[in-house]
There are 2 protein chains.
Amino acid sequence: MNIGTASRQSRLPVKTIRYYEEIGLVRPLRGENGYRDFSQTDLERLKFLQRSRSLGFSIEECRDLLSLYEDTNRASADVKAITRQKIQQVDRKIAELKSLKRVLLEMVEACHGDDRPECPIMDDLSGRARAPEGGGH
Amino acid sequence: MNIGTASRQSRLPVKTIRYYEEIGLVRPLRGENGYRDFSQTDLERLKFLQRSRSLGFSIEECRDLLSLYEDTNRASADVKAITRQKIQQVDRKIAELKSLKRVLLEMVEACHGDDRPECPIMDDLSGRARAPEGGGH
DNA sequence: CTTGACCTTCCAGTAACTGGAAACTCTAGT
DNA sequence: ACTAGAGTTTCCAGTTACTGGAAGGTCAAG
């Protein structure tokens, strides 16, 4: 099948598929006209990539998963371990964002937000201390 | 002051400061020897950038904030609006990550994780349906 | 035979740096 | 005066995972 068909069926942009070929994630055959010719197996790989990428695995992680995927003797435990690591990464990222949000919220709450030029948010960003407001920690 | 001193005082890597100059975020003077010479004002800008970047504002957002910062007539409301937007972005990102985590957790929980080759995680990634386990939601 | 969709390659750009090479300057110690 | 080492300069390339665009070849329908 041509790249356009593969694109629709894998829900990956054409450009992305070409890129995946470039970095060796798929190796479609070529027709006489030079067009890429994707087999069902190639399509499987593309779908696999689409899903694992959208689940936040990096290209390199996908490469690992893909080789595990195609190794019929691989242990389920290996895959589970990688997935667990990924969950931890996601957890860390969530925690980071939450603490970021907390700071931003504090800044917004301290800000009168009218058309006066004084602005506690700016003071925060510039490193000036903000006056404590009712002894919060 | 030299770039090394500015680096230590702003807690920005030397390379990053040069990059910020390249994209016009700071414009230090030059000494006779060609060395950058940072004024107190330059240092303020660098500190401002360090803080706002670490709070997740993009370079372009920082550029906007910086011009608001230096506009003594700007309204506090403008800054507040930008910060509110940023909070919404952070919220969206957190929600995304949480739903991502949910999927990953489901996969891990469905996986026996021993050395057998069958692996529900792989089945998920490859798009195969997984057998429902006790009436899922 | 033309039109338009689809395909090809190659080059460049994105965001925000980071690393490294080659060369110059400064400072402290001998 | 000389030298070693730290600090500085510019420039080029690499990172991640694509995305956009130009210039051109191919295919199917009418």
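Refer to the structure presented above.
Only a predicted model underlies this, so the values are computations on that prediction, with no experimental measurement involved.

> Is there a simple way to explain the packing of aromatic side chains in this structure?
The description of an aromatic ring pair uses the distance of the two centres, along with the angle that the planes make with each other. All names here are of chain A. Inspection of the entire model under this criterion finds 4 aromatic pairs over all chains. Each ring, one from Phe48 and one from Tyr69, has its centre 4.5 Å from the other, and the planes form 20 degrees; the classification is stacked. Linking Phe48 in helix α3 (residues 40–54) with Tyr69 in helix α4 (residues 59–70), this pair joins segments that are 21 residues apart in sequence. On the basis of relative accessible area, Tyr69 is assigned to the buried category, the value being 15%.

> Even after reading the chapter, I still don't get the protein's contact with DNA strand C, so can you show me in this structure?
Looking at DNA strand C, there are 19 residues lining it, with Gly4(A), Arg18(A), Arg36(A), Lys15(B) and Tyr20(B) nearest. Between Arg18(A) and DNA strand C, the recorded distance is 3.1 Å, taken from a side-chain N or O atom to a phosphate oxygen. Looking at the surface near DNA strand C, the elements that each hand over two or more residues are α1 (3–10) and α2 (14–22) of chain A together with α2 (14–22) of chain B. The element that contributes the greatest number of residues to the surface near DNA strand C is α2(B), accounting for 4 residues. Across the surface near DNA strand C, the residue classes tally to 7 nonpolar, 6 polar and 6 charged.

> Explain the protein's contact with DNA strand D here, please?
Taken together, 19 residues form the shell around DNA strand D, and within it Lys15(A), Tyr20(A), Arg53(A), Arg18(B) and Tyr35(B) come nearest. For DNA strand D, the fraction of atoms within 4 Å of the protein that belong to sugar or phosphate moieties is 64%. The side chain of Asn33(A) places a nitrogen or oxygen atom 3.0 Å from a phosphate oxygen of DNA strand D. One of the side-chain nitrogen or oxygen atoms of Arg18(B) is found 3.1 Å away from a phosphate oxygen of DNA strand D. Listing elements by their share of the surface near DNA strand D, those giving two or more residues are α2 of chain A together with α1 (3–10) and α2 of chain B. Looking at the surface near DNA strand D, its residues break down into 7 nonpolar, 6 polar and 6 charged.

> How should the interface of chain B and chain A be read in this particular structure?
For interface size, the figure often reported is the accessible area lost on association. Between chain B and chain A, the contact holds 52 residues from the first and 53 residues from the second. Across the chain B to chain A interface the summed buried area is about 4300 Å²; carbon plus sulfur atoms make up 74%. Three residues stand out in chain B for area buried against chain A, namely Leu55(B), Met122(B) and Leu125(B), and they jointly supply 16% of the buried area on that side. Taken together, the connections running from chain B to chain A amount to 2 salt bridges. The partner of Asp91(B) in a salt bridge is Lys101(A), and the shortest N-O contact between them spans 2.8 Å. On the surface where chain B and chain A come into contact, there are 10 residue pairs in polar contact (both at pLDDT 80 or more). Mapped by element, the contributors of at least two residues to the side of chain B that touches chain A are α3 (40–54), α4 (59–70), α5 (76–110) and α6 (120–126) of chain B.

> Quick question: what am I supposed to make of the relation of the copies chain B and chain A here?
Here the two chain copies are tied together by a rotation about an axis and a shift along that axis. Superposing chain B onto chain A takes a rotation of 180 degrees plus a shift of 0.0 Å along the axis, which leaves an RMSD of 0.1 Å. Taken together, the rotation angle and the small translation identify this as a two-fold axis. Within chain B, Ile94(B) has its C-alpha nearest the rotation axis, a separation of 2.9 Å. Most of the interface of chain B is mirrored in chain A: 100% of its interface residues are interface residues there too.

> Is there a simple way to explain the pattern of salt bridges in this structure?
In the structure shown here, the tally under the stated rule is 12 salt bridges over all chains. A cluster of three or more residues bridged by salt bridges with shared partners is formed by Glu21(A), Arg30(A) and Arg36(A).

> It is not clear to me how the environment of Phe57(B) should be interpreted in this structure. Could you clarify?
You can see Phe57(B) is positioned in the loop between α3 and α4. Put simply, Phe57(B) and Thr5(B) are 52 residues apart on the chain and 25 Å apart in space, counted from C-alpha to C-alpha. Contacts of Phe57(B), omitting those with residues within four sequence positions, involve Leu104(A), Ser52(B), Cys62(B), Leu65(B), Ile82(B) and Lys86(B).

> Can you help me understand the side chain of Asp42(B) in this one?
Residues and elements named next belong to chain B. Position of Asp42 relative to the elements: it lies in helix α3. Within the buried core, Asp42 has no salt-bridge partner, and the shortest N-O distance to an opposite charge, that of Arg45, equals 5.7 Å. Discounting chain neighbours no more than four positions away, the residues touching Asp42 are Val26, Arg27, Pro28 and Asp37.

> Help me understand α3(B), please; the structure alone is not making it clear to me.
A turn of α-helix holds 3.6 residues, and therefore any two residues three or four places apart point the same way. With 15 residues, α3(B) extends 21 Å between its outermost C-alpha atoms, agreeing within 8% with the 21 Å of an ideal straight helix rising 1.5 Å per residue. All of the buried residues in α3(B) are Asp42(B), Leu43(B), Arg45(B), Leu46(B), Phe48(B), Leu49(B), Gln50(B) and Ser52(B). Buried residues in α3(B) make contact with α6 (120–126) of chain A together with α1, α2, β2 (36–37) and α4 of chain B. Just downstream of α3(B) lies Gly56(B), where phi reads positive at about 90 degrees.

Here is what the cut-offs are and how they apply
- Residues numbered from 1 in each chain as written.
- Chains lettered and ligands numbered in written order.
- Predicted model: local features only at pLDDT ≥ 70, side-chain atom pairs only at ≥ 80, totals over all residues.
- Heavy atoms only, no water.
- Phe/Tyr/Trp six-rings, centres within 6.5 Å; stacked < 30°, edge-to-face > 60°.
- Helix = DSSP H or I, 4+ residues; strand = E, 2+ residues; numbered from the N terminus.
- Buried < 20%, exposed > 50% of the residue type's maximum accessible area, 1.4 Å probe, protein only.
- Near = heavy atom within 4 Å.
- Polar contact = N/O pair within 3.5 Å; in protein donor to acceptor, adjacent residues only side chain to side chain.
- Nonpolar A, V, L, I, M, F, W, Y, C, P; charged D, E, K, R; others polar.
- Contact = heavy atoms within 4.5 Å.
- Buried area = accessible area lost by both parts, 1.4 Å probe.
- Salt bridge = Lys/Arg side-chain N within 4 Å of Asp/Glu carboxyl O.
- Least-squares fit on C-alpha atoms with pLDDT ≥ 70 in both.
- Lys, Arg positive; Asp, Glu negative; His and termini not counted.
- Expected span 1.5 Å × (residues − 1).

Note that all results are geometric; they support no functional claim without further evidence.
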